[in-house]
Amino acid sequence: MRIDVVSIFPAYLQALDLSLVGKARRTGLLDLRVHDLRDWTDDRHRTVDDTPFGGGAGMVMRPDVWGAALDEVMRPAPGEPVDAHLLVPTPSGRTFTQRMAEELAGDGHLVLACGRYEGIDARVAEHVGARHRVSEVSIGDYVLNGGEAAALVVVEAVVRLLPGVVGNPASLVEESHGAAGLLEYPVYTKPPTWEGLEVPEVLLSGHHGRVERWRRDRALERTAERRPDLVAALDPATLDRADLAVLARLGWSVVDGRVSRGPDAVA
Ligand code: ADE
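This one's a predicted model, so the numbers in the text were calculated from it and none came from an experiment. (Residues numbered from 1 in each chain as written. Predicted model: local features only at pLDDT ≥ 70, side-chain atom pairs only at ≥ 80, totals over all residues. Heavy atoms only, no water.)

Student: Sorry if this is basic, but what is going on with the pattern of salt bridges here?
Tutor: Any two side chains of opposite charge can pair if their charged atoms end up close together. Considering all chains together, one arrives at 18 salt bridges under this definition. Where R25 meets D17, a salt bridge forms, and the shortest distance between an N and an O atom there is 2.9 Å. Taken together, the shared-partner salt bridges connect R213, R216, D217, D240 and D243 into one network. (Salt bridge = Lys/Arg side-chain N within 4 Å of Asp/Glu carboxyl O.)

Written out as structure tokens, the structure reads:
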């Protein structure tokens with residue numbers, strides 16, 4: 001896969017030299033290129049922004065500079081995939097999810113355009129959109145100073161799904177079950193007693209079936225406590241009797257084919 005990241009702070013993206021993403025680059029699984037947007041300016045001050053039409057606070061990033069950068073970076077090189085997909089991190093984008101990461105991992109060429117200030121002139125997405133897929137993505141309901149931190153998040157979430165990047169693919173399989181609906185259960189390692197705190201006895205029992213049940217129960221409890229929206233989205237067909245018993249204890253039941261909470265939710 002090829003990924004290009006364009007930013008006025010290329011040094012921000014140095015984290016992509018590290019860990020699994022860095023290794024994927026060095027082994028050739030990933031062709032990741034970071035660019036300085038100012039390389040496409042043509043004035044002495046290397047200006048990338050200007051005041052907003054219509055007034056208001058802050059500055060807007062200029063379409064001519066971004067257009068030149070993206071025209072060049074998105075143009076397919078001979079022998080390279082033609083399906084470059086532009087991702088624009090912005091708090092007003094669609095929320096980035098594991099599902100989206102899985103879809104993006106199937107793309108041949110991603111380009112991330114990191115905006116600063118009040119964002120990028122809206123004509124840039126329109127211009128690029130005439131030839132390419134364009135997705136504006138938010139990594140959550142909070143406002144960052146620019147798209148760089150969000151680009152790091154998106155790149156890491158996508159690259160770890162590429163074949164060969166994560167050493168033990170079984171961990172991806174286990175997670176994808178989690179991603180199918182529940183938060184992960186709590187995990188423990190040695191020593192079995194630490195600061196007067198014990199590892200739950202069942203995990204030391206060697207009884208695979210009981211361990212699996214315990215983990216599933218804790219995942220259900222955690223999800224009900226922290227993310228009731230995920231519980232409400234569960235497919236009842238994926239729940240066994242023990243799951244339903246745990247959920248009933250927490251006030252949930254299946255009503256009209258949906259997992260719901262409330263006065264009717266008595267198993
Ligand atoms: N840029 C600023 N805030 C952002 C967010 N929450 N997600 C993606 N890009 C952003």
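Let us keep going from here.
Student: Would you take a moment to explain the site of the ligand for this structure?
Tutor: Inspection of the region around the ligand gives P89, T90, P91, V137, S138, I139, G140, Y142, V143, L144, G146 and A150 as its neighbouring residues. Here a nitrogen atom of the ligand and a backbone polar atom of T90 are 3.1 Å apart. Here G140 contributes a backbone N or O atom positioned 3.2 Å from a nitrogen atom of the ligand. Relative to its free-state accessible area of 260 Å², the ligand is covered by the protein chains to the extent of 96%. (Near = heavy atom within 4 Å. Polar contact = N/O pair within 3.5 Å; in protein donor to acceptor, adjacent residues only side chain to side chain. Areas by Shrake-Rupley, 256 points an atom, 1.4 Å probe, with all protein chains shown as cover.)

Student: What should I look at first to understand the packing of helix α7 (residues 208-226) against helix α9 (residues 241-249) in this one?
Tutor: Helix-helix packing: each pair is described by the crossing angle between the helix axes and the interaxial distance. Direction vectors running N to C along α7 and α9 enclose 35°, while the axes themselves pass 10 Å from each other. Seen along the crossing, α7 lies across α9 with a hand that is right-handed. Residue-level inspection shows R213, R216, D217, L220 and E221 of α7 in contact with α9, the latter providing A242, D243, V246, L247 and R249. A breakdown of the residues in the contact of α7 with α9 according to their chemical character gives four nonpolar, no polar and six charged. (Axes fitted to C-alpha atoms, helices over the stretch in contact; angles between N-to-C directions. Helix = DSSP H or I, 4+ residues; strand = E, 2+ residues; numbered from the N terminus. Left-handed = near helix turned anticlockwise from the far one by under 90°. Contact = heavy atoms within 4.5 Å. Nonpolar A, V, L, I, M, F, W, Y, C, P; charged D, E, K, R; others polar.)

Student: Explanation requested: the packing of aromatic side chains in the structure shown.
Tutor: Each aromatic ring pair is described using two quantities: the centre-to-centre distance and the angle formed by the ring planes. Applying the stated rule across the entire model yields one aromatic pair. Aromatic pair Y188 and W214: ring centres 6.5 Å apart, planes at 55°, arrangement tilted. Of this pair, Y188 sits in the loop between α6 (169-179) and β8 (193-194) while W214 sits in helix α7, and the two are 26 residues apart along the sequence. For Y188, a relative accessible area of 43% gives the class partly exposed. (Phe/Tyr/Trp six-rings, centres within 6.5 Å; stacked < 30°, edge-to-face > 60°. Buried < 20%, exposed > 50% of the residue type's maximum accessible area, 1.4 Å probe, protein only.)

Student: Just checking my understanding: could you explain the sheet that holds strand β2 (residues 31-36) for this structure?
Tutor: Sheet strands line up and pair through hydrogen bonds in the backbone, either parallel or antiparallel. Reading across from one edge, β2-β1-β6-β5-β7 is the order of the five strands in this open sheet, with parallel pairing throughout. One side of each edge strand has no neighbouring strand; the edge strands of this open sheet are β2 and β7 (133-138). Sheet twist, expressed as the average angle between the axes of neighbouring strands with direction ignored, equals 25°. Alignment of strand β5 (residues 85-95) against strand β6 (residues 109-113), held across three bridges, turns out to be parallel. Following the sheet pairing, L86 is matched in β6 by V111. (Pairing = 2+ DSSP bridges.)

Student: Explain the environment of E72 to me, please; I cannot follow it from the model alone.
Tutor: With respect to the helices, strands and loops of the structure, E72 is situated in helix α2 (residues 63-74). Since its relative accessible area comes to 44%, E72 is described here as partly exposed. Measuring from C-alpha to C-alpha, the distance between E72 and T27 comes to 26 Å, with 45 residues separating the pair along the chain.

Student: What's the story with helix α1 (residues 19-26) in this structure? I'm lost.
Tutor: In an α-helix, one full turn covers 3.6 residues, which means residues spaced three or four apart are oriented alike. Listed in full, the buried residues belonging to α1 are V21, G22 and A24. Across the axial projection of α1, the buried residues extend over an arc of 160°, all falling on one side. Of the residues in α1, the exposed ones pointing more than 90 degrees away from the buried face are S19, K23 and R26. Those residues of α1 that are buried are in contact with β2 and α5 (148-159). Phi turns positive, to about 85°, at G28, one or two residues after α1. (Arc of directions from axis to C-beta.)

Student: What exactly am I supposed to notice about the nonpolar core here?
Tutor: One recurring pattern in soluble globular proteins is that nonpolar side chains are buried together. Counting 27 residues, the largest nonpolar core has I3, F96, L112, V154, V155, V158 and V159 as the members making the most contacts within it. Of all the secondary-structure elements, those providing two or more residues to this core are β1 (2-7), α1, α3 (98-104), β6 and α5. Ranked by the residues each element gives to this core, the list is headed by α5, at seven residues. Once you skip the residues sitting within four places of it in the chain, V154 turns out to touch L87, F96, L104, L112, V137 and I139. Within the second largest apolar cluster, 19 residues are counted, among which are W40, L86, V88 and A113. (Core = buried A, V, L, I, M, F, W, Y, C linked by side-chain atoms within 4.5 Å.)

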